[in-house]
Amino acid sequence: MGINLSKGQKVDLTKTNPGLVNVTIGLGWDTNKYDGGNDFDLDSSVFLLGSNGKCTSESDFVFYNNTTGGGGAVVHTGDNRTGDGDGDDEQVNVNLSTVPSSIEKIAFSITIHDAETRGQNFGQVSNSYVRILNADSGEELIRYDLGEDFSIETAVVVGELYRHNGEWKFNAIGSGYQGGLGALVTDFGLN
């Protein structure tokens, strides 16, 4: 059984799981009753960040149109356009041993595609979570359920993997943003 985290909680990943190299980050969500007449498409995105907390190039932004980053260390497995069904809606695989040394943090986010145009926000989303699995065994190591703390936000940074003294740790962030993916991309140093 994995560790359930609360917002702001940090936990050791590799120190408590010796030999851990391949992890899968699973992101999931459900949409509440929504009668706006448009599809509700949530997307996961990954930002590979240097010591300044910024991406050094567009190749450090991993999402459904750029599925590989960090020289192949980070791979997005594809876009789920509906969020239907149980389990993870989207997944990202990370080989911790091959993440370039220039990358200090790997931030994971969920955004609502075309949120402003469609009049959608995270107040209409429920049961959102991020979890980290040992990709080799399938064992869930860490889980963070975001709760229902959002209303007008259209993007959420759910958490980040980060290096500390040669080990990888996870920080449960849960920070909401207005302005969708565009706001996140700008915050993380891209145009």
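Higher on the page you've got the structure.
My aim in this report is to walk through the structure given alongside it, one point at a time. What you see is a predicted model; the values in this text were computed from it and never measured. Numbering of residues starts from 1 in each chain and follows the order in which that chain's sequence is written. Where local features are concerned, this predicted model is filtered to residues with pLDDT of at least 70; where side-chain atom pairs are given and counted, the filter is 80 or more; whole-chain, interface and lining totals use all residues. Values shown for side chains rest on all heavy atoms present in the structure; no hydrogens or waters enter the calculation.

**Digging into the side chain of Thr111**
What counts is decided by this rule: Runs of H or I in DSSP of at least four residues are treated as helices and runs of E of at least two as strands, each being numbered from the N terminus. Exposure classes here rest on a 1.4 Å probe applied to the protein chains alone. A residue is buried below 20% of its type maximum, exposed above 50%, and partly exposed in between.
Mapped onto the elements, Thr111 comes out in strand E9 (residues 105-112). With relative accessibility at 2%, the residue Thr111 sits in the buried group.

**Here's the deal with the pairing of strand E11 (residues 140-145)**
Put simply, the rule reads: Between any two strands, at least two bridges found by DSSP are needed for them to pair.
With 3 bridges joining them, strand E1 (residues 3-5) and E11 adopt parallel strand pairing. Residue pairing in the sheet places Leu5 in a bridge with Tyr144 of E11. Bridge count between strand E10 (residues 125-134) and E11: 5 bridges; the pairing is antiparallel. Bridging across to E11, Tyr129 finds its partner in Asp145. Taking the residues between adjacent antiparallel strands as the criterion, E10 and E11 are bridged by 5 residues, where Gly138 takes a positive phi near 80°.

**Structural notes on the environment of Gln91**
To keep things clear, this is the line we draw: Should any heavy atoms of two residues lie within 4.5 Å, those residues are counted as being in contact. In protein, a polar contact means a hydrogen-donor-capable atom and an acceptor-capable atom, both N or O and within 3.5 Å, with residues adjacent in sequence counting only if both atoms are side-chain atoms; elsewhere, any N or O pair within 3.5 Å suffices.
Within the secondary structure, Gln91 sits in strand E8 (residues 90-95). On the accessibility criterion, Gln91 (27% relative accessible area) is partly exposed. In the structure, Gln91 is positioned 15 residues away from His76 in sequence and 6.2 Å away in space, judged by C-alpha atoms. Setting aside chain neighbours within four positions, we find Gln91 in contact with Thr24, Ile25, Gly26, Val75, His76, Thr77 and Leu133. Within the local environment of Gln91, its side chain forms a polar contact with the side chain of Asp88, the two groups lying 2.7 Å apart.

**Topic: the environment of Glu148**
Note that Glu148 resides in the loop between E11 and strand E12 (155-164). The spatial distance from the C-alpha of Glu148 to the C-alpha of Asn127 is 7.7 Å, given a sequence separation of 21 residues. In contact with Glu148, not counting residues within four places along its chain, are Val125, Ser126 and Asn127.

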